[in-house]
Amino acid sequence: MNFVDYPDREMLAIDLANCLAGELESYLLRHETVSFAVPGGTSPGAVFDALCAADLDWDRVHVFPTDERWVPADHPRSNARMICERLITNRAASARFLPLSAPGNAPEEVLAAIEAMLLPELPISVLLLGMGTDMHVASLFPGAEGLQAALDPDAPVLTALRPETVPEPRISLSARVLDGALSKHLVIFGEEKRAALDRAMTLPPEEAPVQAILTGTTVHWAN
Ligand SMILES: O=C(O)[C@H](O)[C@@H](O)[C@H](O)[C@H](O)COP(=O)(O)O
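About the criteria used
Residues numbered from 1 in each chain as written. Predicted model: local features only at pLDDT ≥ 70, side-chain atom pairs only at ≥ 80, totals over all residues. UniProt positions renumbered as here; feature names shortened; annotations may be inferred. Buried ≥ 20, exposed ≤ 12 C-beta atoms within 10 Å, placed from the backbone. Helix = DSSP H or I, 4+ residues; strand = E, 2+ residues; numbered from the N terminus. Pairing = 2+ DSSP bridges. Contact = placed C-beta atoms within 7 Å. Axes fitted to C-alpha atoms, helices over the stretch in contact; angles between N-to-C directions.

Looking up the chain in an unreviewed UniProt entry gives the name 6-phosphogluconolactonase, with the organism given as Antarcticimicrobium luteum. The record held by UniProt for the chain lists under Catalytic activity (unreviewed entry) the comment "6-phospho-D-glucono-1,5-lactone + H2O = 6-phospho-D-gluconate + H(+)". According to its UniProt record, the chain has this under Sequence similarities (unreviewed entry): "Belongs to the glucosamine/galactosamine-6-phosphate isomerase family. 6-phosphogluconolactonase subfamily."

1. A short note on the pairing of strand E8 (residues 170-173)
Neither face of E8 is left uncovered, since the one carrying Arg170 and Ser172 and the one carrying Ile171 and Leu173 both have all their residues buried. As defined by bridge partners, strand E4 (residues 67-69) adjoins E8 across three bridges and the pair is classed as antiparallel. Considered in E8, the bridge of Asp67 is made with Ser172. Looking at chain direction, strand E7 (residues 158-161) and E8 are connected through four bridges and run antiparallel.

2. With respect to the environment of Arg77
Along the polypeptide, Arg77 turns up in the loop between E4 and helix H3 (79-86). Separated by 91 residues in sequence, Arg77 and Glu168 place their C-alpha atoms 9.5 Å apart. With near-sequence residues (within four places) excluded, Arg77 lies in contact with Arg69 and Val71.

3. Digging into the sheet that holds strand E9 (residues 183-189)
Read from one edge of the open sheet, seven strands run E1-E10-E9-E6-E2-E3-E5, paired in parallel fashion. Every interior strand has two partners, whereas the edge strands, strand E1 (2-5) and strand E5 (96-97), have only one. Sheet analysis places strand E3 (residues 61-65) next to E5, joined by two bridges and oriented parallel. Pairing of Val63 across the sheet is with Phe97, part of E5. Along the sheet, helix H1 (residues 9-30) contacts strand E2 (34-38), E3, strand E6 (126-129), E9 and strand E10 (218-222); its crossing angle with E6, the most-contacted strand, is approximately 160°.

4. Here's the deal with the environment of Glu207
Inspection of the secondary structure assignment puts Glu207 in the loop between helix H7 (191-200) and E10. The exposure class assigned to Glu207 is partly exposed, which follows from the 15 C-beta atoms found within 10 Å. Measuring from C-alpha to C-alpha, the distance between Glu207 and Pro39 comes to 20 Å, with 168 residues separating the pair along the chain.

In structure tokens form, the structure reads like this:
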């Protein structure tokens, strides 16, 4: 793991956006398309605001969420909604967005269809993650029903989880798919998350799921 400490959140957002744009661009020099997996939550918002203005061949960039909340696409808590509003806009409006959702009555019903759409995008070229103070990444929440399956080295691409600590069921890329990304970044803000990351080093992935993706990851932190 590589830890980068920024003077403030604004500097982090600008520098991280430049770094991600550079990685996407250099990947596109050698490949027809690039896959870019991004988190929901609040932390990536300012990074997306800067990144969406980058001068890139965005129509060759395939963006998908690392995880999704089981809510309608226009719901205030939808990760797709946030990502489309903050990232798939400005110059990045021509990027291809692949939602982790499909019509169905429960997450388990739609996993196969979404997985079929994602398979050609794997391994993830560039991954950005956020982390909760409980040390979850994507929707791999400690103690959640479905966590063990999502941490399994032979896990399917996607897993349904039912964390008790959040209002809705989740669909998440499994740990092996996140960890298998060619380039991995984690963005966290504040002392509480920094302390949580330190604590995660001493715990197994079942208690601190972030553990499962830390090898080779660059952590970007500002207070
Ligand atoms: O859908 C989600 O909830 C996310 O993908 C999740 O893993 C997020 O990155 C963390 O919860 C951090 O969220 P904040 O950035 O809002 O603290």
